[in-house]
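What the coordinates show
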Amino acid sequence: MATAAVEVEDLKKRFGDVEALRGVSFGVETGTVLGLLGPNGAGKTTAVRILTSILAPDAGRASVLGIDVARHPQSVRLRIGLAGQYAAVDEALTGRENLRMVGRLCHMARAEVDQRAAELLAQFDLVDAADRPLKTYSGGMRRRLDLAAALVHRPPVLFLDEPTTGLDPGSRLDLWGVIGDLVVDGTTVLLTTQYLEEADRLADNIVVIDHGSVIAEGTADELKARIGSTHVEVVVAPDDAATARATLATVGVAAPPDAQHGVAVQITGGGQGVLEAVRALDAAGLRLESLAVREPTLDDVFLELTGHTVGEDAA
Amino acid sequence: MTPTMVPLDDAALDREARLGARQLVADAATMSWRNLLRLVRTPQLIVFSTIQPVIFVLMFRYVFGGAIKIPNFPYVDFLMAGVWVQTVTFGALNTGVGLAEDLQSGLIERFRSLPMARSAVLLGRTTADLVRNVLVVALMTLIGFLVGFNYHVSFVGLLGALGMVLLFAYSLSWLSALLGLVAPNAETAQAAFFPISAVLVFASGAFVPVESMDQAWLRAFARNQPVTAVINAVRGLTLGGPTASKVVLALAWIAGITVVFASLAVRRYRKVA
């Protein structure tokens, strides 16, 4: 039995002159979240559309829960939910009507549809707006409804295509909470995003994709480790700068300081490394004016891997 | 068996994937319901669907009624066939625009990821438009009666005529559906459909007898196109005269348009989104 809920092997897709996918492979372990991270046009959405049976690949294989998507698309559709970046809900219907429509199209019994709709409206904090037309919904409410619509038939595998693109920070945090809860319930999630913070926050594993190819994969920590480690920056009195530099040199590698009287060091070992640095400074009897720890972000990872930052094309 | 348990052999997967006629009908009904709710809740569409045909009946009856003389019948009796067919021909636009909007909004993307019957999206859309047309045609007929329209054959003949108009409307829905699926957006679908429907309606016997057109090529076109064929059959069924061959010709056009454009639209639907 395969433990991977989603498997993609050497997937290729071309649209005219554009090679959207140039042989992409990855897997998502059951019950985990995979973040498919990349800039606009990287091929993330194409991969999701192939996995959700909407698009046929030119070559390669995609399977969900061990079921080949090309050979048994209908069986795959019974087991997946899709929420897209273009909140695909019917503007003319109310929230409840949208959920009922999806339930009926999944051939659930009428009573079960009504019960499930009520349950999801409560879970996604849409009870008050349930019977209002979507025109009155905010962007965040619309996305929550879109996500709820993907969950009506309780799919064990969920595809989220840029679930928070275009949302304000508050709504984004809300949605992150909701997605986190789903994972606790055992749902396998494949999430595409161009937000490094989002992948870092939600994903167990990250696959970085650019121009149709996988350029890196691993946990957020593994990816960060590739481009160096934690920076500790301390600010001391001018007379203490030399001592501080010598002390920090014993726990890490000197890094260029970036504040007046600042001394910076790059350390390994995460929190433990920071603790050792603090202990060493304390033992040397130094008085710190400030101490800051800076973790590398996935933005740094992306810049390192591709030579350009997320959102900026490789021109 | 719950969907989370994976039956790995092909036969079991094929079995669970099979959709019967009951699911197809249920899915098409759900899609029709959703499209009709949309119609009811979009005021512009209601105005467009109801007020415009009423205005056309009144305008043609009173503005052109004095100028155009038809032998043997009051103009309004001749006119109604033209206004019915004109209204459903222009109204067929709704099908394509609706589908183009659903494509643009990403709704069709969602439908395609659901375990629903594939063809229900198109069937539901065309069925909803048929329901709308039933109401529109009924309303126009009522207004027609109020301004002096009379049928000269029988009530059954009138019902046959209205049925013919609705069948023609349904066949045009499929042409419109194809345009809606091919067009990159709703505006383009609308722009593509208008010239087709305008030529069909105005270069026809809808409002003037074909014989009154002064160009031979125009008469030849007008005589041999579906709108004229349907209008001739509808006039036969409401005004009298030799009718059977006209009805057969009109039904042949309707069947041909439906078969050709429904298969093209279904094929196109499988590719898009």
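Please read these numbers as outputs of a predicted model, since none were measured by experiment.

What counts and how
Residues numbered from 1 in each chain as written. Chains lettered and ligands numbered in written order. Predicted model: local features only at pLDDT ≥ 70, side-chain atom pairs only at ≥ 80, totals over all residues. Helix = DSSP H or I, 4+ residues; strand = E, 2+ residues; numbered from the N terminus. Buried ≥ 20, exposed ≤ 12 C-beta atoms within 10 Å, placed from the backbone. Contact = placed C-beta atoms within 7 Å. Nonpolar A, V, L, I, M, F, W, Y, C, P; charged D, E, K, R; others polar. Domains from an automatic or database assignment. Pairing = 2+ DSSP bridges. Axes fitted to C-alpha atoms, helices over the stretch in contact; angles between N-to-C directions. Right-handed = clockwise from strand over helix to strand, strands pointing away.

Attention now moves to the overall build of chain B. Broken down by element type, chain B carries 12 helices and 0 strands. Put simply, chain B runs from its N terminus to its C terminus through helices and strands in the order α-α-α-α-α-α-α-α-α-α-α-α. Reported as C-alpha extents along the three principal axes, the dimensions of chain B are approximately 75 × 40 × 35 Å. Residue burial in chain B is summarised as follows: out of 273 residues, 44% are buried.

Each partner contributes to the interface: chain B provides 26 residues, whereas chain A provides 28 residues. Taken together, the elements giving at least two residues each to the side of chain B that touches chain A come down to helix H1 (10–17), helix H2 (21–40) and helix H6 (107–113) of chain B. Top contributing element to the side of chain B that touches chain A by residue count: H2(B), with 6 residues. Of the residues contributing to the side of chain B that touches chain A, the split by class is 11 nonpolar, 7 polar and 8 charged.

For chain A, the assigned domains read domain 1 (4–224) and domain 2 (229–295). Relative placement of domain 1 of chain A and domain 2 of chain A: their C-alpha centres are 43 Å apart.

Residues and elements named next belong to chain A. Phi at leucine 65 is positive, roughly 55°, even though this residue is not glycine. Considering the arrangement of structural elements, one finds leucine 65 in the loop between strand E4 (59–64) and strand E5 (67–68). Residue leucine 65 is classed as buried on the basis of its 24 C-beta neighbours within 10 Å. Even without being glycine, aspartate 125 reaches a positive phi, approximately 60°. Note on placement: aspartate 125 falls in the loop between helix H4 (110–123) and helix H5 (139–151). Accessibility expressed as a C-beta count within 10 Å gives 13 for aspartate 125, which makes it partly exposed.

Further remarks concern the sheet that holds E5(A). All names here are of chain A. Judged by pairing direction, the sheet is antiparallel, and its 4 strands sit side by side in the order E2-E1-E4-E5 without closing on themselves. The two strands at the open ends of the sheet, each matched to only one other strand, are strand E2 (18–29) and E5. For strand E1 (residues 4–15) and E2, the ladder comprises 9 bridges, and the chain directions are antiparallel. Opposite leucine 11, over in E2, you have valine 24 as the bridge partner. Along the sheet, helix H1 (residues 44–51) contacts E1, E2 and E4; its crossing angle with E1, the most-contacted strand, is approximately 120°.

Let's shift gears to the pairing of strand E7 (residues 157–161) of chain A. Every regular strand shows the same layout, with side chains that alternate between the two sheet faces. All names here are of chain A. In terms of burial, E7 is largely enclosed, as 5 of its 5 residues are buried. On E7, burial covers both faces: Val157, Phe159 and Asp161 on one face and Leu158 and Leu160 on the other are all buried. Bridging between strand E6 (residues 80–83) and E7 involves 4 bridges; their strand directions are parallel. Along E7, the bridge assignment pairs alanine 83 with leucine 160. The pairing of E7 with strand E8 (residues 188–193) spans 5 bridges and is classified as parallel. Its bridge partner lying in E8, aspartate 161 is registered against threonine 192. For the handedness criterion, the β-α-β arrangement of E7, helix H6 (residues 169–184) and E8 is classed as right-handed.

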